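Spelled out from the first residue to the last, the chains are:
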Amino acid sequence: MYDALDSFMNVETWYTSHSLDEKRFNMALNKIVWQEKFNADAMAEYMKEKLGLLPDDYDSHYAKAIESYREKAWAISDFIIHTGVQKA
């Protein structure tokens, strides 16, 4: 499921929080966040594994970007769950 993020992460600037990168992340997230088994922590682990980062890497610019995207994914997932919003 999380391989939907590959197209986002294959862009060299994915970790920079540029508005185009944010848009690509949101488009990739839209493909997976609606799935019942979606978990933002698992998504972040997938991203770390894809980059070959160690699980305890919290300080690299990649790890910090992944943490930011994990938090955003949890916020969006929680919004969907708590409001009952449906995919258009």
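Reading guide: rules and limits
Residues numbered from 1 in each chain as written. Predicted model: local features only at pLDDT ≥ 70, side-chain atom pairs only at ≥ 80, totals over all residues. Heavy atoms only, no water. Helix = DSSP H or I, 4+ residues; strand = E, 2+ residues; numbered from the N terminus. Rg over C-alpha atoms; globule rule 2.2 N^0.38 Å. Buried < 20%, exposed > 50% of the residue type's maximum accessible area, 1.4 Å probe, protein only. Contact = heavy atoms within 4.5 Å. Areas by Shrake-Rupley, 256 points an atom, 1.4 Å probe, with all protein chains shown as cover. Lys, Arg positive; Asp, Glu negative; His and termini not counted. Charge placed at Lys NZ, Arg CZ, Asp CG, Glu CD. Phe/Tyr/Trp six-rings, centres within 6.5 Å; stacked < 30°, edge-to-face > 60°. Salt bridge = Lys/Arg side-chain N within 4 Å of Asp/Glu carboxyl O.

1. Describing the overall build of the protein
Working step 1: The helix and strand inventory of the protein stands at four helices and zero strands.
Working step 2: In terms of C-alpha radius of gyration, the protein reaches 13 Å, essentially the compact-globule figure of 12 Å for 88 residues.
Working step 3: Looking at the protein as a whole, 33% of its 88 residues qualify as buried.
Working step 4: Here the contacts in the protein between residues at least 6 apart in sequence split such that 66% fall between residues at least 24 apart.
Working step 5: Accessible surface, the protein as shown: approximately 5,700 Å² in total, 54% of it carbon and sulfur.
Working step 6: Across the protein, the mean location of the 10 positive side-chain charges is 7 Å away from that of the 15 negative side-chain charges.

2. Regarding the packing of aromatic side chains
Working step 1: Applying the stated criterion across every chain, the model contains ten aromatic pairs.
Working step 2: Look at Y2 and Y46: their rings are 6.4 Å apart centre to centre, the planes differ by 35°, and that puts the pair in the tilted class. Placement of the pair is Y2 in the segment before α1 (6-9) and Y46 in helix α3 (residues 40-51), with a sequence separation of 44 residues.
Working step 3: Accessibility expressed as a relative area gives 12% for Y2, which makes it buried.

3. Thoughts on the pattern of salt bridges
Close approach of charged atoms allows side chains of opposite charge to pair.
Working step 1: Scanning all chains against the criterion turns up five salt bridges.
Working step 2: Notably, a salt bridge pairs R24 with D21, separated by 2.3 Å at the nearest N-O pair. Placement of the pair is R24 and D21 together in helix α2 (residues 19-32), with a separation of three residues, close to one helical turn.
Working step 3: Judged by relative accessible area, which is 27%, R24 ranks as partly exposed.
Working step 4: What makes D21 buried here is its relative accessible area of 0%.
Working step 5: Between E67 and R70 there is a salt bridge, with the nearest N and O atoms lying 2.6 Å from each other. Pair noted here: E67 and R70 are both in helix α4 (residues 61-83), with a separation of three residues, about one helical turn.
Working step 6: E67 sits in the partly exposed class, given a relative accessible area of 30%.

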